[in-house]
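Secondary and tertiary structure notes
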Amino acid sequence: MVKVTIDDIQIEVEEGTSILNAARLIGGEVVPPAMCYYSKLPGTGGKCRTCLVEVAAGSEKDPRPMPKLVASCSTPVQDGMIVKNKTSEKVHTNRGAVVEFLLINHPLDCPVCDQAGECHLQDLGFEHGAEGTRYEEERRTFDPIDIGNKIKLHMNRCILCYRCVHVADQLTEKRVHGVLNRGEHTEISTYIEAAVENDFSGNMIDVCPVGALTDKTFRFKSRVWFLKPMEASCECTKCSGKTVVWMFGNEIYRVTARKDKYGEVEDQDGKAGWICNDCRFEKKDPAQWNIIGPRTINRHSVISQGKYSTARANTQKKIENGDK
Amino acid sequence: MARKLLLEHDSVPGIETFEVYKKHGGYLSVEKALKKMSPQEVVEEVQKSGLRGRGGAGFPTGMKWSFLAKPEGVPRYLLCNADESEPGTFKDRYLMEKLPHLLIEGMIVSSYALGANLSYIYIRGEYMWILDILEKAIDEAYAKGYLGKNILGSGFDLDLRVAPGGGAYICGEETALIESLEGKRGNPRMKPPFPAVKGLWGCPTVVNNVETLMAVVPIINEGGDEYAKIGIGKSTGTKLISAGGNLARPGVYELEMGLSVEEFIYGDDWCRGIANGKKLKACVPGGSSVPILPAHLVTKTAAGETRLMTYESLADGGFASGSMLGSGGFIIFDEDQCIVRNTWNFARFYAHESCGQCSPCREGTGWMEKVLNRLEHGQGNLRDIELLEEINKKIEGNTICPLGDAAAWPVAAAIRHFREEFEWHVSHREESQTRNYGLLKESLVG
Amino acid sequence: MSSTHVDLSKRHAETPCFSPEKLAEAQKLMSLYPEGKHKSALIRILHMAEEEFGGWLSIETMDYVAGIVNIEPIEVYEVASFYTMFNLDPVGNYVFEVCRTGPCMLVGSDNLISYIENKLDIKVGETTKDGMFTLKTAECLGACGYAPMLQCGKKYHEHLTNEKVDELIAAYRSGELPK
């Protein structure tokens, strides 16, 4: 076991634990946001740079600070390490910079995006983003494509977290989509129209932190905040059958895996609770489900936190004070 | 000041063949190391020599070697980084074209020191004709018993192979190189773990530049202490410089570290001054990613001292008034060159070469390129200059690999030293399309 | 920019196939890597395939290579689209890649590019009507001291002037210079 201090809170964790996972063990405000890291998918992380933290002391043995901010998801803790997340001005500035980078080419089409309300980029933008954009150049655009008949890919919204590629690699027997081109032209694609026909391909939708991969059976049906999430289960031979069904009245609008407060699928029966495509796409009749009861959703989202009203109140106050 | 350790025989006809190379003292270091020295002794000689990585970072080679993990029963690999792609740098190409056996010799001795029995030369795909030269030389070395099983009866086995890239600057970054060698996209890996612990196929790996591995040969032949006597302070030995841009005599030069920059640019034995009798405007001394220096800081430091061709002297003054030796890609700009255009050109290079994996580099390099493109083409505003400074500060230090820094530094330095010229592009939008700003008055050097 | 989904009109009519000698060469390249690491030969085999099958990599070519290396086609597309040397669209018999980066620009690569554009009556990225030449630009090719320059196949043509370009084009047209 090693001792690590994150934002003045000390915790003992197993050797080899990443800074991010150590922070998650503490919980609350000290946890850095993660757009690409996904604990259930080995190999993810390090790319988006939103989880950058400051290491004020490397270890007990070598207490020198690390010269650069480090990706907390892929940096293991050392005994005696001192980490600053919320308490670091440098982290705050640079995380804001990363958010700006992620947004310059983002279409900001939240009003027509099915992910709105449960979008991690929306949350990050709210917490760290600037009010306006300094980006005056043309945004890069891609045509939306179908990945099979149930999944829509809006590359314009993608932040290239690579999670969906890891899902295809790790949960399905054959990957047909991947990362093409490079630099700012990088895109997720199938290259040639290839259907992702696989029992577990739908999990790509659940791991996508933004609205790049969406469920075609739920497209434009409703905003997520109008739906009532219910824990449900069914007898399924392919997966645990333990899901969340999102209901409006007596109708099931969509089915997802059960996710934790970091947006990751929860374990079911001792293993990651990925759900199969049958449960996700085919079972929309309440009679097919044993509906257990309301699912408590972590109200992390901008909209569900009611932050818009706070923002509006702040703006109102500014106007009253005669500020711009 | 013209002692040559690597290029001593580069002009001998047929030096690329085993016979001629051997006749001129080739492969002696293999005999010496494999027959008379232990691997550890070879490492110690390299440590004593003070040799620093010649690819750009200047990290002490002996120290890098000492970091190599040596778990039982796990193979270790030595990889030669021949993915020379830093704009301004073309020395490795020259070295491999002329002296393929010197590289093979350096790799045998280095592989022996590290305990590697399978080593690779990763060469940029565009150098495909050099790959042919190398493979031909490797075949010769196998035939003469310098590669393969039980080399010279020493009991040491080594297989040496060449692998080409496919066109990607990023593969010069050692973990991207490893990925590419494994047949994948050249995306740099997250560190830790470092290649010394987990490199090629998950095994401990050392990656060294072509020139670095060649320098091991004279170090073993003459001894690390002798090698360390050449040069100044921590800049020991000789360095290959690729001189390009507006020079009267561009080309590849081997110099003893410590030669003055002035002598190198103007000396008769060296570049013989600026081409066409023009004046010096600026210099990028170590490949496109290092800070550009205006004329008045090229031959003298800010403190007025003579600027030397060493790691330390070129870096004197930090980024405020200094630069870096880097890969030795020495680029000279004459009075007619436009700094804004060149900065845009370099920014375009980095945007083109970003792997696209991490967001600050993928988005930031593209953004800088677009803003600079506008400035260069008379569409810029004064706030664009501040914006560029902001963007590069936000890329620097926040990326997975050093490409982000490499893209940020040249933009920052160009604005630092030539802000007036950027402003002139905004205030004289039309004029800037037909005429160059020319020399900055205060940096006139005869 | 839009999605890179390929233009399906640009495909090889027949599935390409290496000659027995070339196939043996590809298999030998794979066998040079340690057991289970044969995928490492992918880039080199793609270079071979490009040379064999018209200077570019069609979907059919890439699928064929995927079969040889025994990996999923998407893995080949990912790699081929990452590296700039691989042409994913058809090209002419000779591809001129003119270096456009800093040191070349300082000594006139911009002019060289325009000169070739005029001479061949094509823009960068295009192929002449007769299918002889494709003009492309490239980032630093490591010839800064011998600039301006262009690469065609394995060959570097350096210290170029307009006159030398004329000679070069004539030589390629007449078949004096090999591919």
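Given the structure is predicted, the values throughout are model-derived calculations rather than measurements.

**With respect to the pattern of salt bridges**
Tallied over the entire structure, the rule returns 65 salt bridges over all chains. Across the pair K216 of chain A and D146 of chain A runs a salt bridge, and its minimum N-O distance is 3.1 Å. Here the residue K216 of chain A occupies a position in the loop between strand 10 (213-215) and strand 11 (228-233), and D146 of chain A occupies one in strand 6 (residues 145-147), the gap between them amounting to 70 residues. Exposure remark for K216 of chain A: the relative accessible area of 27% places this residue in the partly exposed category. With a shortest N-O distance of 2.8 Å, R175 of chain A and E78 of chain C are connected by a salt bridge. You can see R175 of chain A sitting in the loop between helix 4 (163-171) and strand 8 (178-180) and its partner E78 of chain C sitting in helix 4 (residues 73-82), one on each of two chains. For the residue pair R175 of chain A and E78 of chain C, the accessibility class agrees, reading buried in each case. Among the ionic contacts, a cluster of salt bridges with common partners joins E136 and E137 of chain A together with R374, R383 and D384 of chain B.

**Observations concerning the nonpolar core**
Within soluble globular proteins, side chains that are nonpolar generally end up buried alongside one another. Judged by nonpolar contacts, the single largest core of 173 residues is most densely connected at L103, I108 and I121 of chain B. If you tally residues by element for this core, the top one is helix 17 (residues 403-427) of chain B, at ten residues. If you count residues domain by domain, this core takes at least three from each of domain 1 (20-82) and domain 2 (94-174) of chain C. Every residue in contact with I121 of chain B, bar those within four places of it in the chain, is listed here: C80, A82, L103, M107, L134, I138, L160, R161, V162 and A163 of chain B. Residues C48, F142, L153 and F281 of chain A belong to the second largest nonpolar core, which totals 56 residues.

**Some remarks on the domain arrangement of chain C**
Partitioning chain C into domains gives domain 1 (20-82) and domain 2 (94-174). Placing the centre of domain 1 of chain C and that of domain 2 of chain C at their C-alpha centroids yields a distance of 29 Å.

**Regarding the packing of helix 2 (residues 89-104) of chain A against helix 3 (residues 120-128) of chain A**
Residue and element names in this part refer to chain A. As a packed pair, helix 2 and helix 3 sit with axes 10 Å apart at the nearest point and diverge in direction by 130 degrees. By the angle class used here, helix 2 and helix 3 are oblique. For the pair helix 2 and helix 3, the crossing hand works out as left-handed. Contact residues: helix 2 offers H92, R95, G96, V99, L102 and L103, while helix 3 offers L121, L124, G125 and H128. In terms of residue class, the contact of helix 2 with helix 3 is built from five nonpolar, four polar and one charged.

**A short note on the interface of chain C and chain B**
The partner chain B presents 58 residues to the 38 residues of chain C that form the contact. Summing the contributions of chain C and of chain B, the shared interface buries around 3900 Å²; its carbon and sulfur component is 58%. Applying the counting criterion to the chain C and chain B interface returns four salt bridges. Across the contact surface, chain C and chain B share 21 residue pairs in polar contact (both at pLDDT 80 or more). Counting residues per element, the ones that place at least two in the side of chain C that touches chain B are helix 2 (42-52), helix 4 and helix 5 (102-106) of chain C.

**Looking at the interface of chain A and chain C**
At the interface, 21 residues of chain A touch 18 residues of chain C. Between chain A and chain C, roughly 1900 Å² of surface is buried when both sides are summed, and carbon and sulfur atoms account for 56% of that area. Area buried by chain A at its contact with chain C is led by R175, R182 and Y191 of chain A, which between them contribute 38% of it. Across the contact surface, chain A and chain C share four residue pairs in polar contact (both at pLDDT 80 or more). Only strand 8 and strand 9 (187-189) of chain A provide two or more residues apiece to the side of chain A that touches chain C. With three residues, strand 8 of chain A is the largest single contributor of residues to the side of chain A that touches chain C. Looking at the side of chain A that touches chain C residue by residue, the classes come out as seven nonpolar, seven polar and seven charged.

**Describing the sheet that holds strand 6 of chain A**
Residues and elements named next belong to chain A. Read across the sheet, three strands follow the order 6-7-10 without closing on themselves; strand pairing throughout is antiparallel. Strand pairing shows two members of the sheet lacking a second neighbour, strand 6 and strand 10, which therefore form its edges. Across the sheet, the axes of successive neighbouring strands diverge by a mean angle of 35 degrees, strand direction being ignored. As paired strands, strand 6 and strand 7 (residues 151-153) are joined by three bridges and run antiparallel to one another. Each bridged residue has a counterpart across the sheet, and for I147 the counterpart in strand 7 is I151.

**Description of the packing of aromatic side chains**
In the structure shown here, the tally under the stated rule is 37 aromatic pairs over all chains. On the numbers, 6.3 Å between centres and 90 degrees between planes, the contact of F101 of chain A with W367 of chain B is edge-to-face. Taken together, the residues span two chains, with F101 of chain A in helix 2 and W367 of chain B in helix 15 (residues 359-376). Centre to centre, the rings of Y169 of chain B and Y350 of chain B are 5.8 Å apart; their planes meet at 75 degrees, and the pair counts as edge-to-face. Pair noted here: Y169 of chain B is in the loop between strand 3 (159-164) and helix 8 (174-181) and Y350 of chain B is in helix 14 (residues 339-353), with a separation of 181 residues, a long-range link. Residue Y350 of chain B is classed as buried on the basis of its relative accessible area, which comes to 1%. A network of ring pairs unites the aromatic residues F18, Y21, Y27 and Y146 of chain B as a single cluster.

**Examining the environment of S111 of chain B**
Residues and elements named next belong to chain B. Structurally, S111 is set in helix 6 (residues 100-114). Along the sequence, S111 and K4 sit 107 residues apart, while their C-alpha atoms lie 24 Å from each other. For S111, the residues in contact, after removing those within four places along its chain, are L78, A116, S119, F156 and L158.

**Notes on the environment of R173 of chain C**
Residue and element names in this part refer to chain C. Tracing the backbone through its elements, the reader meets R173 in helix 7 (residues 162-174). Here R173 falls in the partly exposed class, since its relative accessible area comes to 42%. Along the primary structure R173 and G108 are separated by 65 residues, whereas in three dimensions their C-alpha atoms are 25 Å apart. Excluding its chain neighbours within four sequence positions, the residues that come into contact with R173 are L120, D130, M132 and F133. At 2.9 Å, the side chain of R173 and the side chain of D130 are in polar contact.

**Concerning a nonpolar patch on the surface**
The grouping of W225, F226 and F248 of chain A at the surface amounts to a nonpolar patch, some 340 Å² of accessible area in total. Of note, F226 of chain A is situated in the loop between strand 10 and strand 11.

**Let's talk about the side chain of H157 of chain C**
All names here are of chain C. Tracing the backbone through its elements, the reader meets H157 in strand 4 (residues 155-157). For H157, a relative accessible area of 9% translates into the label buried. Reaching out from H157, the side chain makes a polar contact with the side chain of Y172 at a distance of 2.8 Å. Setting aside residues up to four positions removed in sequence, H157 forms contacts with P148, M149, L150, C152, L168, Y172 and L177.

Criteria and cut-off values
- Residues numbered from 1 in each chain as written.
- Chains lettered and ligands numbered in written order.
- Predicted model: local features only at pLDDT ≥ 70, side-chain atom pairs only at ≥ 80, totals over all residues.
- Heavy atoms only, no water.
- Salt bridge = Lys/Arg side-chain N within 4 Å of Asp/Glu carboxyl O.
- Helix = DSSP H or I, 4+ residues; strand = E, 2+ residues; numbered from the N terminus.
- Buried < 20%, exposed > 50% of the residue type's maximum accessible area, 1.4 Å probe, protein only.
- Core = buried A, V, L, I, M, F, W, Y, C linked by side-chain atoms within 4.5 Å.
- Domains from an automatic or database assignment.
- Contact = heavy atoms within 4.5 Å.
- Axes fitted to C-alpha atoms, helices over the stretch in contact; angles between N-to-C directions.
- Parallel < 35°, antiparallel > 145°, perpendicular 65-115°, else oblique.
- Left-handed = near helix turned anticlockwise from the far one by under 90°.
- Nonpolar A, V, L, I, M, F, W, Y, C, P; charged D, E, K, R; others polar.
- Buried area = accessible area lost by both parts, 1.4 Å probe.
- Polar contact = N/O pair within 3.5 Å; in protein donor to acceptor, adjacent residues only side chain to side chain.
- Pairing = 2+ DSSP bridges.
- Phe/Tyr/Trp six-rings, centres within 6.5 Å; stacked < 30°, edge-to-face > 60°.
- Patch = residues over 30% accessible without salt bridge, like charges linked within 9 Å, V, L, I, M, F, W, Y side chains within 5 Å.
- Areas by Shrake-Rupley, 256 points an atom, 1.4 Å probe, with all protein chains shown as cover.

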